[in-house]
Amino acid sequence: MPRLDQDTKDDKGTEHVPTEATAEEVDGAIGGLDALDAPNAGPQRSRARRIGAAVLPPIGAAILFVAVWQAVWATAWLPEHQLPSPGTIAEVFWGLVETGQVWEFLWTSVHRAVIGFVIALGIATPLGLLLARVKLVRAAIGPLVSGLQSLPSVAWVPAAVIWFGLTDTTIYMVVLLGAVPSIANGLVAGIDQIPPILPRVGKVMGAGTFANARHILLPAALPGYLAGMKQGWAFSWRSLMAAELIASSPELGDGLGQFLHNGMSLFDMPMVITGIILILFVGVGIELLVFAPVEKITLNARGLRKN
Amino acid sequence: MAVALENAVGTEHAVRLEGLHKVFGAGRQAVTALDGIDLAVRPGEFVCLVGASGCGKTTLLNLIAGLEQPTSGRITLTTSRPAVMFQEHALMPWLTVNRNIELPLRLAGVGRAERAARVTELLSLVRLEGTGRKRPHELSGGMRQRVALARSLASAIQGSADGKHALMLMDEPFSALDAITRDLLQAELLRVWRATGTAVVFVTHDVREAVRLGQRVVLLSSRPGRVVDEWDVNGLTGADELVAVDTIGAKLREVISTHAAA
Ligand SMILES: Nc1ncnc2c1ncn2[C@@H]1O[C@H](COP(=O)(O)OP(=O)(O)OP(=O)(O)O)[C@@H](O)[C@H]1O
Ligand SMILES: [Mg+2]
């Protein structure tokens, strides 16, 4: 204790009249402290090993699944028209690729889903901001928007068909009703979790309502917003499939939903299974190729992930 | 020094508080945080506010910053919009150090080239050259505090661009730091204050820190917060400084013990 006092006394003598020498000392001392304090990144695993660790387990699981399927099929437990072999599915799929039909199905469905998703984003973002920041709006329609999230959007298909007939409008309508609530709720959750100090910082720096939304609220809420978008994408895709499956008509072009519908009408199990697998692949593929990397970058930048 | 703030206007007060009252809540749960605060800060003056925990120091700064409205009384600011340094560093976790520091400039619509030049200057001022591209979570606590200091300086300088005095409000900015880092940052702050001539209202509950940094120390009582006493501690060194610390410390303890009795 006495030694500490001695130290601070010495400090006081020099501190009020800083000289060049103290400034340099301060530099050195601060540099030393920084080097000690700053969290260090730690050893990195090699790229090949990381990719291997991410890719191999799901491939292994898929191989196991196909093997079990093949084995069950070999026991002839179910008749062929109910459970075809993996080989038959591969043949059907290859046939689609050879005729180029598969690209038509994929293009029709994916571009619809993407357009629907983008429109949903455009509607849900201002809606989410209003819900999060305007008490009256939240009180008035908050429960409705969260409630809509748990209403399966297939339920809208009959209504949309009656309103708009078998048209693209019907399909987009269903996609929007599926995706908008998820994205808006994600944004609201993201904004609710912002530490209250951050908007105050914006305010003391003179940010108006829009500057605050643009520079503070939206970026601060990005993790929640992204989670909402990811769910919104899943809902868009599901809703689209439901809409295509139910509202299938020649004028609407052939998407994956129609392909599945045709398979059902023809009682063609290989077609149905191929359709399901394609739908699954697109959903998972977009998630892995688009949302997972964006989410990873976002969380890493904020130090929210430990690797 | 290019970041110097001109004292262009010869006003007597940078901030003037008259009969400031602040009551939180209403009815039986009402808490009177501030009860008739009168205080004036001259341009370029360094004033330290000390007081027990919960006496309304943060509330007072929030009122001056315009984050809260007074229940009654008047606040006159002749300065530009005050720059605030909060108790937590309050950096934006998604922005790099550079981007954090330039945020007040971006919000004020300053062009890219000028922003970059200012940020470089400020980074060297707080001795953080070379960390501009890091994010807050990659820095130590002391480094984050220095980034926050640089950001509030950017905002003070931006405010003074229109020829008004600058004002900085600092709420226990160093209280969460270890003793050595705090010592160093106090020296930094004094250096910057001398170089820029901005008025500073500095909240702390550490009397030693208040005497070391301030020209004037103002003691607040709690529940309700009032100005109890104030001391001129400008340029005190050595034994005089220790005496001042003892006197103010004794008075602070006295004020706190009357609370305990009440
Ligand atoms: N938003 C609020 N609602 C109700 N009471 C509040 C609010 N903010 C502050 N108070 C009360 O006002 C009083 C002063 O609070 P303030 O935060 O200004 O204290 P302080 O002096 O900054 O304390 P500390 O040194 O612990 O930071 C406290 O009694 C606190 O409980
Ligand atoms: Mg406080």
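The rules behind these values
Residues numbered from 1 in each chain as written. Chains lettered and ligands numbered in written order. Predicted model: local features only at pLDDT ≥ 70, side-chain atom pairs only at ≥ 80, totals over all residues. Heavy atoms only, no water. Helix = DSSP H or I, 4+ residues; strand = E, 2+ residues; numbered from the N terminus. Rg over C-alpha atoms; globule rule 2.2 N^0.38 Å. Buried < 20%, exposed > 50% of the residue type's maximum accessible area, 1.4 Å probe, protein only. Contact = heavy atoms within 4.5 Å. Salt bridge = Lys/Arg side-chain N within 4 Å of Asp/Glu carboxyl O. Phe/Tyr/Trp six-rings, centres within 6.5 Å; stacked < 30°, edge-to-face > 60°.

1. A short note on the overall build of chain B
Now for step 1: On a plain count of helices and strands, chain B comes out with seven helices and nine strands.
Now for step 2: The C-alpha atoms of chain B give a radius of gyration of 18 Å, which matches the 18 Å a tight globule of 262 residues would have.
Now for step 3: Projected onto its principal axes, the C-alpha coordinates of chain B cover approximately 55 × 40 × 40 Å.
Now for step 4: Classification of the 262 residues of chain B by burial places 54% in the buried group.

2. Re the side chain of A:Ser236
Now for step 1: Relative to the assigned elements, A:Ser236 resides in helix H10 (residues 209-246).
Now for step 2: With residues up to four places along the chain from it excluded, the contact list for A:Ser236 reads A:Phe117, A:Val175 and A:Ala179.

3. Things to note about the pattern of salt bridges
Now for step 1: In the structure shown here, the tally under the stated rule is 16 salt bridges over all chains.
Now for step 2: The partner of A:Lys230 in a salt bridge is A:Glu287, with the nearest N and O atoms 3.7 Å apart. Taken together, the residues A:Lys230 in helix H10 and A:Glu287 in helix H12 (residues 269-301) connect sequence positions 57 residues apart.
Now for step 3: Of the charged contacts in the structure, one is a salt bridge between B:Glu18 and B:Arg16, with a shortest N-O distance of 3.8 Å.

4. Section: the packing of aromatic side chains
Residues and elements named next belong to chain B.
Now for step 1: Summed over the entire model, instances satisfying the criterion amount to nine aromatic pairs over all chains.
Now for step 2: Summarising the aromatic geometry, the rings of Phe174 and Phe202 are spaced 5.9 Å apart at their centres and angled 50° between planes, so their arrangement reads as tilted. Residue Phe174 is located in the loop between strand S6 (167-171) and helix H5 (179-196), and its partner Phe202 is located in strand S7 (residues 199-203); the two are separated by 28 residues in the primary sequence.
Now for step 3: Taking the relative accessible area as the measure of exposure, Phe174 reaches 0% and is therefore buried.
Now for step 4: We classify Phe202 as buried; its relative accessible area is 0%.

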